[in-house]
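# Observations on the model geometry
Each chain is listed here by its residues.
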Amino acid sequence: IVFTEKQEALVKESWEILKQDIPKYSLHFFSQILEIAPAAKDMFSFLRDTDEVPHNNPKLKAHAVKVFKMTCETAIQLREKGKVVVADTTLQYLGSVHFKSGVLDPHFEVVKEALVRTLKEGLGEKYNEEVEGAWSKAYDHLALAIKAEMKQED
Ligand code: HEM
């Protein structure tokens, strides 16, 4: 079994909690990305010309939501089918967007750490190693699929 029912439930439950305050958690998520890797800033169109992480920026929120939501969807696919299922065109598009933005493999680790820290912040006492493990596993599978597609662009 790649992904258990329990792991799927943990991912879904925690996303439900974070979803309740997207402005707060998307800001936290991006602040963490920039804390871990300050140089990542210039890759993002909405961060390039500012000194601080902008509040309530639609593009910033969209990227944060995409990362969390697609990881959550990946968790469901892993439990149901044992593999990542993302529409081919979506994966191709993701590969192309990230390749063109100058994203490199190590950046995926940065984003994963920021995701974990954001979960910690949002879940408080509900956060534990099992939750982290489930999210990490789903994220790793999704990141691998995107990275493979980026190599096609190379
Ligand atoms: C754009 C998802 C990881 C940097 C996008 C878009 C999506 C997305 C859906 C397109 C937004 C649009 O429609 O324009 C994801 C997912 C990720 C991930 C699901 C991981 C599982 C990363 C990482 C980086 C990154 C690791 C680099 C630190 C960017 C940049 C853009 C982008 C720079 C262009 C956004 C802009 O400048 O407006 N991502 N992403 N992403 N992503 Fe990611």
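See the structure shown above.
So, here's what we can say about the structure. Nothing here was measured: the structure is a model prediction, and the numbers come from that model. (Residues numbered from 1 in each chain as written. Predicted model: local features only at pLDDT ≥ 70, side-chain atom pairs only at ≥ 80, totals over all residues. Heavy atoms only, no water.)

## Quick look at the packing of aromatic side chains
Definition in use: For this analysis, a ring pair means two rings from Phe, Tyr or Trp (six-membered ring only for Trp) whose centres lie within 6.5 Å, classed as stacked if their planes differ by under 30 degrees, edge-to-face if by over 60, and tilted for the remaining angles.
Summed over all chains, the structure comprises seven aromatic pairs. For the pair Phe 29 and Phe 30, a centre-to-centre distance of 5.6 Å together with 80 degrees between the ring planes defines the contact as edge-to-face.

## A closer look at the coordination of the iron atom of the ligand
Here is the rule: Here a donor is an N, O or S atom found within 2.8 Å of the metal, or within 3.2 Å if the metal is Na, K or Ca; sites may look incomplete because water is not among the atoms. Angular criteria define each label, namely tetrahedral for four donors with all angles between 85 and 135 degrees, square planar for four and octahedral for six donors with opposite donors over 155 degrees apart and remaining angles between 65 and 115, and irregular for whatever fails these tests. Strands are runs of DSSP state E lasting at least 2 residues, helices are runs of H or I lasting at least 4, and numbering of each runs from the N terminus. Accessible area is worked out with a 1.4 Å probe on protein chains only. A residue is then buried under 20% of its type maximum, exposed over 50%, and partly exposed in between.
The protein atoms donating to the iron atom of the ligand are His 63 (NE2) and His 98 (NE2), with metal-donor distances spanning 2.0 Å. For the iron atom of the ligand, the six donor atoms in the first shell make angles of 87 to 179 degrees at the metal, so the coordination geometry reads as octahedral. Of the two residues, His 63 is situated in helix α3 (residues 58–81) and His 98 in helix α4 (residues 88–100); the sequence distance between them amounts to 35 residues. By relative accessible area, His 63 is classed as partly exposed at 23%.

## Thoughts on the layout of surface pockets
Applied cut-off: For cavity detection a 1 Å grid was placed over the protein atoms alone, and a set of points counts as a cavity when a 1.4 Å probe fits there but cannot get out; an open set counts as a pocket when protein lies on both sides within 12 Å along at least five of seven lines, with lining residues being those that have an atom within 4 Å of a point. Grid points are joined across faces, edges and corners, and a volume is the space filled by probe spheres set on the points. Only Asp, Glu, Lys and Arg are considered charged, only Ala, Val, Leu, Ile, Met, Phe, Trp, Tyr, Cys and Pro nonpolar, and every remaining residue, Gly among them, polar.
As a volume, the largest pocket reaches approximately 700 Å³. Considering the residues around the largest pocket, the lining is formed by 29 residues, among which Phe 44, His 63, Leu 94, Val 97 and His 98 are closest to the centre. Only α3, α4, α5 (105–123) and α6 (129–153) provide two or more residues apiece to the lining of the largest pocket. Broken down by element, the residue count for the lining of the largest pocket peaks at seven residues, all from α3. Counted by class, the lining of the largest pocket contains 19 nonpolar, seven polar and three charged residues.

## Section: the nonpolar core
Applicable threshold: As used here, the term nonpolar core means buried Ala, Val, Leu, Ile, Met, Phe, Trp, Tyr and Cys residues forming a set that is joined through side-chain atoms within 4.5 Å. By the convention used here, residues are in contact when the closest approach between their heavy atoms is within 4.5 Å.
Phe 29, Phe 30, Ile 33, Phe 68, Leu 115, Leu 119 and Trp 135 are the most contacted members of the largest nonpolar core, which has 49 residues in total. Elements with a minimum of two residues in this core: α1 (5–18), α2 (22–36), α3, α4, α5 and α6. For this core, the leading source of residues is α6, giving ten residues. Excluding residues that lie within four positions of it along the chain, Leu 115 makes contacts with Phe 29, Val 67, Phe 68, Thr 71, Trp 135 and Tyr 139.

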